[in-house]
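# Per-entry structural report
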Amino acid sequence: MTEAPIRVLLVEDDEDDYLLARDLFAEMHGAYTLDWVADDQSALEVMRRGQHDVYLLDYRLGRRTGLDLLREASALGFARPTILLTGQGEREIDLEAAEAGASDYLEKARLDATLLERAIRYARDRWRHRLELERRVAERTIELQRANAALRESEERLRMAFESANIGAWDFDPINKSLRWSDRCKAIFGLPPDAEVTYSVFLERVHPDDRAATEQRIAEAFDPSGDGTSAIDYRLQWPNGEVRWIKAQGKAFFEGKGDKRRAVRFIGTVRDITQEKESQARIHALVEELRQADRRKDEFLAVLAHELRNPLAPVRTGLEVMKLAARDPDTVAEVRSTMERQVDQLVRLVDDLLEVSRITRGKMELRKQRVELADVVQTAIEACRPSIDELAHTLTVSLPPHPIYLNADPHRLTQVISNLLNNAAKYTLNHGQIWLTVVQQDAEVVLTVKDTGIGIPHEMLDRIFNMFTQVERLHEMGYRGLGIGLTLVKSLTEMHGGRVEVYSAGLDQGSEFVVRLPILTDGDDPKQIQHSVIPPPAVVRRVLVVDDNQAAADMLSRVVAMLGHQVCTAYDGDQGLEMAREFRPDVAILDLGMPTTDGYCVARRLRELPWGRSAVLVALTGWGQAEDRRRTKEAGFDHHLVKPIVPEQLQQLLANGRTK
Ligand code: ADP
């Protein structure tokens, strides 16, 4: 590729000199174009067009010098590689020329083609070189600006991340012992943003118990043989005494080699982890609580097995004795009464268990009504009288002179009081004292059961109402129980809108249980209590009993017969239906859960028969919740009895027929 000609502009006011220059150009080897202007003003005009690669400027241009022209052209942005042509003895301009930006100057007198050509090319190449340098500098400058902007951006991002994660940053110079903290770091240490920080300010804030360990870890980070990293949790103590947990991470940077190696900078972060520590502690406590509950449950199962076996053993022996002594009515009567007591005990245990499980599953329903507290207290005392008398305790009861009414489930409330009374009797050595006191305090009634018994160790007081909790050494001493009585007391009291507290000064200091319940005010209008009187049997009824548990069916049939009614017994649903067709019962007592044809099915089929519509259908079941009752009602039953059936209840039901 042939090179484009170099376009030269000559500014020369002397035409002879121009002609001379033109001749020299003609002698030159390279390709050039030469334009000539004679005065500086026209020169600027031509320069403005920017069509030249090199300027040749005469130093003497009439009013001004070639240097003046060059300066002006530069100021206007028309600068090009420029060579000054000087007369004789004008060498002293060299410095000035260089400053004005001229590449070279040539003495006209010594000018020849070679010199001129070399000067032109040299000027042009230097100019290009300079332009290239300038371009590269500009490029680098832009790159640097971009890098700076990216750095600022990432610093800002980091700062924002630190802020949102609540992380404080610190920077320590171990040589000058100077410390810098971000505002967040200061806030974490409880300092204002303008606070001066030093290493000793930092140490002062570290909790005294953690200071030595923290300093030790910092010293380890500065160990030249290590990797400089450090991570430590420590506590801060603010001047107001508040204690916070901190997680600090740092990295030391080293300089020098061998013996001269030492830490020159230590930077890192701090984060307030007080909340994390607190929730960790809570989780630990919870796990511990669960572990204890689990242990209590295991113990409970062991105790339960024991408690169930205790009454079962005499029942079993009793049966054997009855077989052997069948002809000895006194022995049989005696054994039977023992067995009854044991079975009652079993029923109580199972009832308690079912009730706790109902309460914990939220299935317990209260049948609240207006009750007089004195009646409930009386019933509870009657229930506990045997155990109180057996141990020869003295019970002192004190009730307010006026009646106190509560909106309560009388059965459940009796349970609360009798559980407390029974415990007082059980956990008091023979011939002890028990006080049951009721006083009214404003809108509350306060019922206290106090004894002179074995008391409760201080550390047990908080837990005594927990399920399956028992004072440990009591079992060794022969005390029996499942550890659910007080759980029932507490839950039932709370379901009545009350609360229960326990007091004991310690072992052998007696115990005191205080139950507070809201009193029924005049504004409340619960259902009136219905006292029912069992009427004497008036009519003999035909009663069909259907239960797949043969023993239960036979027993129930016997009771029905004893009550003076006619009875017919079937051991499954189909048999029951078959018998019913013949027997046409007035009343059918049906077990619900039976194989093939269950109680619901028998009831529906009976209802389909013409006489069956008026028969009284009684469901017999272990389940007595509202939901269970709704189901039996839907199936056409008139009554819903919960096992074990109480003879009085049956008597009343058979006497009343369909009236409910
Ligand atoms: P249980 O009596 O079946 O063990 P409770 O829940 O009724 O279960 O009582 C829990 C524990 O509280 C008892 O095992 C006993 O250690 C303690 N306790 C309850 N009442 C008294 C009392 N009046 N005096 C001393 N200890 C008692």
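Details of the structure are given in the entry above.
Quick caveat, the model's predicted, so the values are computed rather than measured.

Across the sheet, which stays open at both edges, the five strands sit in the order E14-E16-E17-E19-E18 with mixed pairing between neighbours. The sheet is open, and its two edges are formed by strand E14 (394-398) and strand E18 (499-503), each paired on a single side. For this sheet, the mean angle separating the axes of adjacent strands, direction not counted, is 15°. Inspection of the sheet shows strand E17 (residues 444-451) paired to strand E19 (residues 511-518) by eight bridges, in the antiparallel sense. Counted as the bridge partner of Glu444 is Pro518 from E19.

Next up on the list: the sheet that holds strand E24 (residues 639-642). With parallel pairing, the five strands of this open sheet are ordered in space as E21-E20-E22-E23-E24. Single-partner strands in this sheet number two, and they are strand E21 (566-570) and E24. With direction set aside, neighbouring strand axes in the sheet form an average angle of 20°. Summarising the sheet, strand E20 (residues 542-546) and strand E22 (residues 587-591) pair through four bridges and their orientation is parallel. Directly across from Val543, in E22, lies its bridge partner Val587. Sheet strands in contact with helix H19 (residues 647-656) are E20, E22, strand E23 (616-621) and E24, and its direction is about 170° off that of E24.

What follows covers empty space enclosed by the protein. To locate leftover empty space, one rolls a probe as large as a water molecule over the atoms. Inspection of every chain in the model, using the stated rule, returns two cavities of 30 Å³ or more. One number sums up the size of the largest cavity: a volume of about 220 Å³. In the lining of the largest cavity, the residues fall into 13 nonpolar, four polar and one charged. There is about 70 Å³ of room inside the second largest cavity. Broken down by element, the lining of the second largest cavity gets its largest block of residues, four residues, from helix H1 (residues 15-27). Residues that form the lining of the second largest cavity fall into these classes: five nonpolar, no polar and three charged.

Looking now at unusual backbone geometry. If you check the backbone angles, His431 has positive phi at about 65° while not being a glycine. Looking at the element boundaries, His431 is found in the loop between helix H12 (410-426) and strand E16 (433-441). Take His431: its relative accessible area is 64%, and that puts it in the exposed class. Even without being glycine, Arg584 reaches a positive phi, approximately 45°. Mapped onto the elements, Arg584 comes out in the loop between helix H16 (573-583) and E22. By relative accessible area, which is 44% here, Arg584 ends up partly exposed.

A cluster of acidic residues, Asp13, Asp14, Glu15, Asp16 and Asp39, forms a negative patch at the surface. The residue Asp39 is located in the loop between strand E2 (32-37) and helix H2 (40-49) in this model.

When two helices pack together, their arrangement is captured by the angle between the axes and the distance separating the axes. Contact pair H2 / helix H3 (residues 66-76): the axes reach a minimum separation of 11 Å and the direction vectors enclose 30°. In terms of their interaxial angle, H2 and H3 are classed as roughly parallel. You can see that H2 and H3 cross each other, and the crossing is right-handed. Counting all contacts with H2, which are made through Asp40, Ala43, Leu44 and Met47, the residues of H3 involved are Leu69, Glu72, Ala73 and Leu76. For the contact of H2 with H3, the residue count by class is six nonpolar, no polar and two charged.

Before going further, it helps to spend a moment on the pairing of strand E15 (residues 405-408). Of the two faces of E15, the one lined by Leu406 and Ala408 is fully buried and the one lined by Tyr405 and Asn407 carries no buried residue. In this structure, strand E13 (residues 369-372) lies alongside E15, joined through four bridges in antiparallel fashion. Opposite Val371, over in E15, you have Leu406 as the bridge partner.

For the rest of this paragraph, the subject is H19. Those residues of H19 lying buried are Leu650, Leu653, Leu654 and Ala655. For H19, the elements touching its buried residues are E20, helix H15 (550-562), E22, E23 and E24.

Time to look at the site of the ligand. Taken together, the neighbourhood of the ligand is formed by 21 residues, with Asn423, Tyr427, Asp451, Gln470 and Leu486 sitting nearest. Tyr427 places a side-chain nitrogen or oxygen 2.6 Å from an oxygen atom of the ligand. Here a nitrogen atom of the ligand sits 3.0 Å away from a polar atom, N or O, in the side chain of Ser511. Burial of the ligand by the protein amounts to 96% of the accessible area it has alone, namely 520 Å². If you list the elements that add at least two residues to the shell around the ligand, you get H12, helix H14 (485-495) and E19. The element contributing the most residues to the shell around the ligand is H12, with three residues. Looking at the shell around the ligand, its residues break down into eleven nonpolar, eight polar and two charged.

Note that E23 and E24 share four bridges and pair parallel. Counterpart to Thr621 in the pairing with E24 is Val642. For the segment spanning E23, helix H18 (residues 626-634) and E24, crossover handedness is right-handed.

Conventions we followed
- Residues numbered from 1 in each chain as written.
- Predicted model: local features only at pLDDT ≥ 70, side-chain atom pairs only at ≥ 80, totals over all residues.
- Heavy atoms only, no water.
- Pairing = 2+ DSSP bridges.
- Helix = DSSP H or I, 4+ residues; strand = E, 2+ residues; numbered from the N terminus.
- Axes fitted to C-alpha atoms, helices over the stretch in contact; angles between N-to-C directions.
- Contact = heavy atoms within 4.5 Å.
- 1 Å grid on protein atoms, 1.4 Å probe; cavity = no way out; pocket = protein on both sides within 12 Å on 5 of 7 lines; lining within 4 Å.
- Points joined across faces, edges and corners; volume = space filled by probe spheres on them.
- Nonpolar A, V, L, I, M, F, W, Y, C, P; charged D, E, K, R; others polar.
- Buried < 20%, exposed > 50% of the residue type's maximum accessible area, 1.4 Å probe, protein only.
- Patch = residues over 30% accessible without salt bridge, like charges linked within 9 Å, V, L, I, M, F, W, Y side chains within 5 Å.
- Areas by Shrake-Rupley, 256 points an atom, 1.4 Å probe, with all protein chains shown as cover.
- Salt bridge = Lys/Arg side-chain N within 4 Å of Asp/Glu carboxyl O.
- Lys, Arg positive; Asp, Glu negative; His and termini not counted.
- Charge placed at Lys NZ, Arg CZ, Asp CG, Glu CD.
- Parallel < 35°, antiparallel > 145°, perpendicular 65-115°, else oblique.
- Left-handed = near helix turned anticlockwise from the far one by under 90°.
- Near = heavy atom within 4 Å.
- Polar contact = N/O pair within 3.5 Å; in protein donor to acceptor, adjacent residues only side chain to side chain.
- Right-handed = clockwise from strand over helix to strand, strands pointing away.

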